[in-house]
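One letter stands for each residue in the lines below.
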Amino acid sequence: MSFASEWTAVGRSLLGSLGNNSSGLLRTTSHDIMTKLACGNFYSQQRTFIQMRTNLKVVDNSGAKRVMCIQALKGKKGARLGDTIIASVKEAQPRGKVKKGEVVYGVVVRAAMQRGRCDGSEIKFDDNAVVLVNKQGEPIGTRVFGPVPHELRKKKHVKILTLAEHIA
Amino acid sequence: MRLEKCWFCSSTIYPGHGIQFVRNDAKIFRFCRSKCHKNFKMKRNPRKVKWTKAYRRLHGKDMTQDSTFEFERKRNRPERYDRNIAENTLKAIKKIDKVRVDREAKHHALRMKGKKAKEQREAAKELEQSIHMVKAPTALQQEPSFTLPKVKVQVSNPQENRLMEE
């Protein structure tokens, strides 16, 4: 157990020193890699924000399959459940509305990191998933798969809620 | 506000407590505390974990069928607020709780029923067999009863009283 805590301490100190660099592209990943390596075998996983280089699953029928976050709009540490991100399409279906390599906007509909609700409870999902939207916030696809949280209503993503099959 | 049940231990989850986990097949698991959550992540089956209600009900340690449980079933239709009904419901909740606790106590007593006689028999047998641990065999020959011989001890009192008076 002490080994794990040592690792996390090292990870945190690394991030502290790297925080000063504004141009951190690949380095910011070392933090979540560290936490995952350290905690994976000894304790339960420590889930964090959705940041640059985070792979997300696409859960609509816009054509993309996997998407990599390149920027979290709003939030210094990263995006959470219900936030919008800018992402780059890494994997796409052959005939879809988006192609591989395109830069798109997305709304995070499922996040493994727990989010507090206003009644005091917390909610978390099994994976990180995103629904692609255009700049105005309207979804590109016409269907959404899997459960979505209530939080989207407050963020004014009502269209996604109407397309959803289950609201958690 | 709705009081949920913990998926693992079946205790009530009050508002502000616990974590909800939503699986991708849209099944929602609610946990009352991190103990239950961690056990779930370890993929433990609550029916095999001794301290959960699921285990206790399955193995007959707790009551399974009772009319008091019918009152607590989940109702999805919201009812129009009526002050009288609300007042009566609150009174009824107290009464039903009392009745349920009494019935559970009876169930427990019934479960533990044959124990006292069994304990007495075991104690008698042990006394017979292991009396040599407590009373020397020679003393047993002189006085063949299972009680220890009474020894008189002199206690000096007067001085102790004077110390206490101060």
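From a predicted model like this one, the values you see are computed outputs, not experimental measurements. Here the residue numbers are simple positions, counted from 1 along each chain's written sequence. Here chains are named by letter from A upward and ligands by number from 1 upward, in the order in which they appear as written. Residue-level local features of this predicted model are given only where pLDDT is at least 70; pairs of side-chain atoms are given and counted only at 80 or more, and the full residue set underlies all totals for whole chains, interfaces and linings. Based on all heavy atoms of the structure, the side-chain values leave hydrogens and waters out of the count.

Novice: Quick rundown of the overall build of chain B? Include the residues and the values.
Specialist: Secondary structure elements are taken from DSSP: a helix is a run of H or I of four residues or more, a strand is a run of E of two residues or more, and numbering for both begins at the N terminus. Along the backbone of chain B there are 6 helices and 4 strands. When its helices and strands are written in sequence order, chain B yields β-β-β-β-α-α-α-α-α-α. Radius of gyration: C-alpha atoms only; globule rule: 2.2 Å multiplied by the number of residues to the exponent 0.38. In terms of overall dimensions, chain B is more spread out than a globule: its C-alpha atoms have a radius of gyration of 29 Å, far above the 15 Å expected for 166 residues. Along the three orthogonal principal directions, the C-alpha set of chain B runs to about 80 × 50 × 35 Å. Residue contacts are defined here by distance: any two heavy atoms, one from each residue, within 4.5 Å place the two residues in contact. In chain B, 40% of the contacts between residues at least 6 apart in sequence involve partners at least 24 apart. Accessible surface area values rest on a Shrake-Rupley calculation with a 1.4 Å probe, where residue burial reflects the displayed protein chains alone. Of the roughly 14,600 Å² of accessible surface on chain B, a fraction of 53% belongs to carbon and sulfur atoms. Averaging the locations of the 42 positively and 20 negatively charged side chains of chain B gives two centres separated by 9 Å. Under this rule, positive means Lys or Arg and negative means Asp or Glu; His and the chain ends count for nothing. Taken as the charge location is NZ of Lys, CZ of Arg, CG of Asp or CD of Glu.

Novice: Can you break down the confidence of the model for chain B residue by residue, with the values?
Specialist: Residues and elements named next belong to chain B. Of the residues in chain B, 95% reach a pLDDT of 70 or more, and the chain-wide mean stands at 88. Confidence scores labelled pLDDT are given residue by residue by the predictor and lie between 0 and 100. No element of chain B has a lower mean pLDDT than helix α6 (residues 158–165), at 64, and none a higher one than strand β4 (residues 28–31), at 96. Interface confidence for the predicted complex, expressed as ipTM, amounts to 0.70; the pTM equals 0.71.

Novice: Mind laying out the confidence of the model for chain A, listing which residues take part and the relevant values?
Specialist: The predicted model of chain A averages 80 in pLDDT, with 74% of residues at 70 or higher. The low-confidence segment residues 1–42 of chain A, where pLDDT is below 50, has 28 contacts with residues more than four positions distant or belonging to other chains.

Novice: With reference to specific residues and values, describe the sheet that holds strand β4 (residues 103–110) of chain A.
Specialist: Residue and element names in this part refer to chain A. Two strands make a pair as long as DSSP finds a minimum of two bridges between them. Within the closed barrel, the 5 strands sit side by side as β1-β2-β3-β4-β7. Their pairing is mixed. On average, adjacent strands in this sheet sit at an angle of 55° to one another, irrespective of strand direction. As paired elements, strand β1 (residues 55–58) and strand β7 (residues 129–133) share 2 bridges and run parallel to each other. Paired with Lys-57 across the two strands is Ala-129, which belongs to β7. Here, axes are lines fitted to C-alpha atoms. For helices the fit covers the stretch in contact, and angles between N-to-C directions go from 0 to 180 degrees.

Novice: So what's going on with the interface of chain A and chain B? Which residues, and what values?
Specialist: The interface is formed by 17 residues belonging to chain A together with 14 residues belonging to chain B. Here chain A and chain B share an interface that buries about 1,300 Å² over both sides, 54% of which is from carbon and sulfur atoms. Once two parts are put together, the accessible area they lose, assessed with a 1.4 Å probe and summed over both, is termed the buried area. Broken down residue by residue, the surface that chain A buries against chain B is led by Glu122(A), Lys124(A) and Asp126(A), which jointly contribute 38%. Take a side-chain nitrogen of Lys or Arg and a carboxyl oxygen of Asp or Glu: if they are within 4 Å of each other, that pair is a salt bridge. Run the count over chain A and chain B and you get 0 salt bridges. Throughout this description, a polar contact denotes any pair of N or O atoms lying within 3.5 Å of each other; where both atoms belong to protein, one of them has to be capable of donating a hydrogen while the other can accept it, and for residues adjacent in sequence the pair is counted only when both atoms sit in side chains. Our count for the chain A to chain B interface comes out at 9 residue pairs in polar contact (both at pLDDT 80 or more). The biggest single contributor to the side of chain A that touches chain B is strand β6 (residues 122–125) of chain A, with 4 residues. For the side of chain A that touches chain B, the per-class residue count stands at 4 nonpolar, 5 polar and 8 charged. Where β6(A) lies against strand β3 (residues 19–22) of chain B, 4 bridges are found, and the strand directions are parallel. Along β3(B), the bridge assignment pairs Ile123(A) with Gln20(B). Put simply, Ala, Val, Leu, Ile, Met, Phe, Trp, Tyr, Cys and Pro go in the nonpolar bin, Asp, Glu, Lys and Arg in the charged bin, and everything else, Gly too, in the polar bin.

Novice: For the nonpolar core, give the residues involved together with the corresponding values.
Specialist: All names here are of chain A. The term nonpolar core refers to a set of buried residues drawn from Ala, Val, Leu, Ile, Met, Phe, Trp, Tyr and Cys, joined through side-chain atoms within 4.5 Å. Each residue is assigned to one of three classes by its accessible area relative to the maximum for its type, calculated with a 1.4 Å probe on protein chains only: buried under 20%, partly exposed between the two thresholds, exposed over 50%. Counting 22 residues, the largest nonpolar core has Ile-50, Leu-56, Val-67, Ile-85, Val-130 and Leu-132 as the members making the most contacts within it. Residue assignment for this core shows that the elements contributing at least two residues are β1, β2 (64–72), β3 (84–92), β4, β6 and β7. When residues in this core are grouped by element, the largest group, 4 residues, is from β2. In contact with Ile-50, other than residues within four places in its own chain, are Leu-56, Cys-69, Ala-72, Gly-78, Ala-79, Val-108, Ala-111 and Asn-128. Formed by 12 residues, the second largest nonpolar core is a distinct cluster that contains Val-59, Ala-129, Val-133 and Ile-160.

Novice: Describe the sheet that holds β4(B), listing the residues and the values that go with them.
Specialist: One key point about sheets: their strands pair by backbone hydrogen bonds, in either a parallel or an antiparallel sense. Strand order in the open sheet formed by 4 strands is β5(A)-β6(A)-β3(B)-β4(B), and the pairing between neighbours is mixed. The strands lining the two open edges of the sheet, one partner per strand, are β5 (115–116) of chain A together with β4 of chain B. Those strands touched by helix α1 (residues 34–41) of chain B are β6 of chain A together with β3 and β4 of chain B, and its axis lies near 135° from that of β4(B).

Novice: Quick one: what's the story with a nonpolar patch on the surface, residue by residue and with numbers?
Specialist: Residues Met1(B), Leu3(B) and Tyr14(B) make up a contiguous nonpolar surface patch of about 410 Å² in total accessible area. Tracing the backbone shows Met1(B) in the segment before β1 (4–5). Residues enter patches when they are more than 30% accessible in relative terms and free of salt bridges; like-charged ones are connected within 9 Å and nonpolar ones (Val, Leu, Ile, Met, Phe, Trp, Tyr) within 5 Å.

Novice: Run through the side chain of Asp66(B), naming residues and quoting values.
Specialist: Tracing the backbone shows Asp66(B) in the loop between α2 (53–58) and α3 (83–111). Here Asp66(B) falls in the buried class, since its relative accessible area comes to 15%.

Novice: Help me get a handle on unusual backbone geometry, residues and values and all.
Specialist: Residues and elements named next belong to chain A. Of note in the backbone geometry, Arg-53 takes a positive phi value of approximately 80° without being a glycine. The residue Arg-53 is located in the loop between α2 (28–42) and β1 in this model. With a relative accessible area of 42%, Arg-53 lands in the partly exposed category.

Novice: Pulling in residues and values, what's your account of the pattern of salt bridges?
Specialist: The full count for this structure, using the stated rule, is 14 salt bridges over all chains. Here Glu151(A) makes a salt bridge to Arg117(A), at a shortest N to O gap of 3.0 Å. Taken together, the residues Glu151(A) in helix α3 (residues 151–154) and Arg117(A) in the loop between β5 and β6 connect sequence positions 34 residues apart. In this pair, the class of Glu151(A) matches that of Arg117(A), namely buried. Lys53(B) is the salt-bridge partner of Asp62(B), the closest N and O atoms lying 2.8 Å from each other.

Novice: Let's hear about the environment of Arg143(A): which residues, and what values?
Specialist: Residues and elements named next belong to chain A. As for its placement among the helices and strands, Arg-143 is situated in the loop between β7 and β8 (147–148). Relative accessible area serves as the criterion here: at 47%, Arg-143 is assigned to the partly exposed category. Measuring from C-alpha to C-alpha, the distance between Arg-143 and Val-108 comes to 15 Å, with 35 residues separating the pair along the chain. Here Arg-143 is in contact with Val-59, Asp-60 and Asn-61, once residues within four sequence places are set aside.

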